[in-house]
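Report on the structure
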Amino acid sequence: MTVDIATPEPVLGTAGKPPLEILLCAPRGFCAGVVRAIDVVERALAIYGPPVYVRHEIVHNKYVVESLKRKGAVFVRELDEVPDGAAPVIFSAHGVAKTVPANADSRGLTTIDATCPLVTKVHREAEIHHKRGRHVLLVGHSGHPEVVGTMGQLPKGSITLVEDLEQIAALTPDNPDNLAWVTQTTLSVDDTRHIVEALKAKFPAIVGPHKDDICYATTNRQEAVKQVAPLVDALIVVGSSNSSNSQRLREVAERVGCPITRLVLRAEEIDWPAFEGIRKLGLTAGASAPEVLVEEIIDAFAARYDVIVDTVSTVIEDMVFPLPRELRSEAAE
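What this report covers is the structure whose coordinates are included nearby.

**So, the pairing of strand S1 (residues 19-26)**
The element S1 is extensively covered by neighbouring structure, given that six of its eight residues are classed as buried. Both S1 and strand S12 (residues 306-313) contribute to a ladder of eight bridges, which runs parallel. Each bridged residue has a counterpart across the sheet, and for Ala26 the counterpart in S12 is Ser313. Of the strand pairs in this sheet, S1 and strand S11 (residues 280-285) are connected by four bridges, and their pairing is parallel. Looking at the pairing, Glu21 lines up with Lys280 of S11.

So this is what it looks like as structure tokens:
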């Protein structure tokens, strides 16, 4: 759809404001892994009392992190920032290398693992391939905490990161007939498919996971954006700039032709001139963005437009992950 921003006299809605239809993507926002991770911190605070230490951001959303800080969570980059004592340290939803819990054990720290079970699935897959003598190729983004954690499950030299198609051409493994691939859980579904197809073409004997590593929530949110983005003049993804799955949602919207796409955390970040003249707005949220921030964005547009909100639903999510055993009611008591 082409946006005509040169219209001199926009039609006004019933409230004396320009009309705006907001198409709300569903599913959006929190996934089961994020809900579990936040619940881990809040349950640990209830059991142990503050402070509770968290290594890295529990999930990639500044609003969530700041909210947990106010409740008594202390976020640290590395374990050496955690003092000796009874206060527990929680590992984030992205997972950690094996050396991290080993170092914590050596110091006698109480640890609680909030790693998303779907990330743990990838860890276990990589370990199984390694035990079977296969060299593992990890499709993912360098430096992302999940990638660091997954690569840290195996001895150095037994897993190789593949970020794009260009790197595949340069791959020269010692045994090209004994390879396996796994992926980061928050990648672009389409990009990953192209990379995996290229890996299979170059290494026909390569072994993959029994079930796709890209998590259900990442896939579902991208599919919803694919449905909505072609119908709107602009699309906003609510999420943090360091959130991989949120960035992928923005990229998906761009690729299907949405003329204006923005990733914003809060309403205060909206670049209002960019949205001048729009009549339809798509709105979604990354898997670590709370619904309250989506509502905040809607309220900000409602202050300027006569807003009608419609939901475009592609699938119903009902996934739930249990808390770690040590935090369940019967164990804690």
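**A look at empty space enclosed by the protein**
All chains considered together, the criterion is met by one cavity of 30 Å³ or more. Considered as a void within the structure, the largest cavity measures approximately 280 Å³ in volume. For the lining of the largest cavity, the elements supplying multiple residues, two or more each, are helix H1 (32-48), helix H4 (117-131), helix H8 (216-228) and helix H9 (244-255). Looking at the lining of the largest cavity residue by residue, the class counts come to eleven nonpolar, eleven polar and one charged.

**Observations concerning the sheet that holds strand S6 (residues 135-139)**
The strand order S7-S6-S8 describes an open sheet built from three strands, whose pairing is parallel. The sheet is open, and its two borders are formed by strand S7 (159-162) and strand S8 (179-183), each paired with just one other strand. Within the sheet, the average angular offset between the axes of one strand and its neighbour, ignoring direction, is 25 degrees. Both S6 and S7 contribute to a ladder of four bridges, which runs parallel. Among the inter-strand pairings, Val136 is bridged to a residue of S7, identified as Ile159. In the packing of H4 onto the sheet, contacts are made with S6 and S8, and the angle to S8 comes to roughly 170 degrees.

**Concerning the environment of Glu166**
With respect to the helices and strands, Glu166 occurs in helix H6 (residues 165-170). Glu166 sits in the exposed class, given a relative accessible area of 59%. It is 32 Å that separates the C-alpha atoms of Glu166 and Cys31, two residues lying 135 residues apart in sequence.

**A word on H1**
For an α-helix, 3.6 residues make a turn, and residues three or four places apart therefore share a direction. Here H1 contains 17 residues, and its C-alpha end-to-end distance of 24 Å stays within 8% of the 24 Å for a straight helix at 1.5 Å per residue. For H1, the set of buried residues is Ala32, Gly33, Val34, Arg36, Ala37, Ile38, Val40, Val41, Ala44 and Leu45. Two residues or fewer after H1 comes Gly49, characterised by a positive phi angle close to 80 degrees.

**Some remarks on the packing of H1 against helix H2 (residues 62-71)**
In contact at an axis separation of 11 Å, H1 and H2 are set at 5 degrees when each is read in the N-to-C sense. In terms of axis orientation, H1 runs roughly parallel to H2. From H1, Ile38, Val41, Glu42 and Leu45 reach across to H2, where they touch Val64, Leu68 and Lys71. Considering only residue class, the contact of H1 with H2 consists of five nonpolar, no polar and two charged.

**With respect to the layout of surface pockets**
Taken as a whole, the largest pocket holds about 290 Å³ of empty space. Along the walls of the largest pocket sit 19 residues, with Arg55, His56, Arg77, Glu78 and Pro145 positioned nearest its centre. Elements supplying a minimum of two residues to the lining of the largest pocket: helix H3 (99-106) and helix H5 (145-151). A total of three residues in the lining of the largest pocket trace back to one element, the largest contributor, which is H5. When grouped by side-chain class, the residues that make up the lining of the largest pocket number six nonpolar, nine polar and four charged.

**A few points about unusual backbone geometry**
A cis amide bond, omega 5 degrees, links Ala26 with the succeeding residue Pro27. Within the secondary structure layout, Pro27 lies in the loop between S1 and H1. With an omega of 0 degrees, the peptide bond running from Pro50 to Pro51 counts as cis. Mapped onto the elements, Pro51 comes out in the loop between H1 and strand S2 (52-55). Non-glycine residue His56 carries a positive phi angle of around 70 degrees. Secondary-structure assignment places His56 in the loop between S2 and H2.

**Notes on the packing of H8 against H9**
The geometry of a pair of packed helices is captured by two quantities: the angle between their axes and the separation between those axes. Axis separation between H8 and H9 bottoms out at 9 Å; the angle between their running directions is 25 degrees. Comparing their axes, H9 and H8 come out roughly parallel. Along this stretch, H8 crosses H9, giving a crossing that reads as right-handed. Between H8 and H9, the contacting residues are Thr218, Arg221, Gln222, Val225 and Lys226 on the first element and Asn245, Arg248, Leu249, Val252 and Ala253 on the second. A per-class count over the contact of H8 with H9 returns four nonpolar, three polar and three charged.

Quick notes on the rules
- Residues numbered from 1 in each chain as written.
- Predicted model: local features only at pLDDT ≥ 70, side-chain atom pairs only at ≥ 80, totals over all residues.
- Heavy atoms only, no water.
- Buried < 20%, exposed > 50% of the residue type's maximum accessible area, 1.4 Å probe, protein only.
- Helix = DSSP H or I, 4+ residues; strand = E, 2+ residues; numbered from the N terminus.
- Pairing = 2+ DSSP bridges.
- 1 Å grid on protein atoms, 1.4 Å probe; cavity = no way out; pocket = protein on both sides within 12 Å on 5 of 7 lines; lining within 4 Å.
- Points joined across faces, edges and corners; volume = space filled by probe spheres on them.
- Nonpolar A, V, L, I, M, F, W, Y, C, P; charged D, E, K, R; others polar.
- Axes fitted to C-alpha atoms, helices over the stretch in contact; angles between N-to-C directions.
- Contact = heavy atoms within 4.5 Å.
- Expected span 1.5 Å × (residues − 1).
- Parallel < 35°, antiparallel > 145°, perpendicular 65-115°, else oblique.
- Left-handed = near helix turned anticlockwise from the far one by under 90°.

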